[in-house]
Amino acid sequence: MSVLPLIAITITVLFSPLVFSLKAGECEVCISVLDRFRATLGKEQQGDQKVIEKEFVKFCKPLKLKENRFCYYLGGTADAATGILGEMAKPLSWGMPSAKVCEKLKKKDRQICELTYEKQIDFSTVDLKKLKVKDLKKILNDWDEGCDGCLEKSDFIKRIEELKPKHVRREL
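Here the structure is a predicted model, which means the values were calculated and not measured.

Here we come to the overall build of the protein chain. When helices and strands are tallied, the protein chain shows nine helices and zero strands. If you list the helices and strands of the protein chain from N to C, you get α-α-α-α-α-α-α-α-α. For the protein chain, with 172 residues in total, the buried portion stands at 33%. Within the protein chain, contacts between residues at least 6 apart in sequence are counted, and of these 52% link residues at least 24 apart. Surface accessibility of the protein chain: about 12,300 Å² in total, with carbon and sulfur atoms responsible for 55%.

Have a look at this one:
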């Protein structure tokens, strides 16, 4: 008699549908890109799936880094190997929230939700001397600046300090 409830619970657990819900901070690139894309659509465009797909391809052209990679995964770039634009466009045309659309896209390709933005460096508190040369080079690269003749860490730090007023905004 005590075995029957155990079997019923086991069957319920095994055959219940799996629910995938997003955790905090998950799919941040997906949600961000879809929110910004949705803001570019006009009222008449928001309900038409085909128009959404065409507009998304246009929207993706200037994007770089993680956002471009997101477009690539969906098929919104010219070099994309696959295309699941319809999986994104259909729910958007219904007015589904971006987080829910990303949740559906995650079921199709989990790489979509693995994209995250890189942490921003707080230049008011960071000690450049404690950063690795690789990170110093990345700062210069992000600013589209070079460091000709930089051989040692101190050279990179000096160059960043010279360029800081040009690239870092101070909050009042």
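Now, onward.
With that out of the way, let us pick up the state of the cysteines. Per the counting criterion, the structure on display carries four disulfides. Note that Cys-60 is cross-linked by a disulfide to Cys-71, the S-S spacing being 2.1 Å. As the torsion about the S-S bond is roughly -80 degrees, the Cys-60-Cys-71 disulfide counts as left-handed. Of the two residues, Cys-60 sits in helix H3 (residues 49–60) while Cys-71 sits in helix H4 (residues 65–74), which places them eleven residues apart along the sequence.

Rules of the game
- Residues numbered from 1 in each chain as written.
- Predicted model: local features only at pLDDT ≥ 70, side-chain atom pairs only at ≥ 80, totals over all residues.
- Heavy atoms only, no water.
- Helix = DSSP H or I, 4+ residues; strand = E, 2+ residues; numbered from the N terminus.
- Buried < 20%, exposed > 50% of the residue type's maximum accessible area, 1.4 Å probe, protein only.
- Contact = heavy atoms within 4.5 Å.
- Areas by Shrake-Rupley, 256 points an atom, 1.4 Å probe, with all protein chains shown as cover.
- Disulfide = S-S within 2.5 Å.

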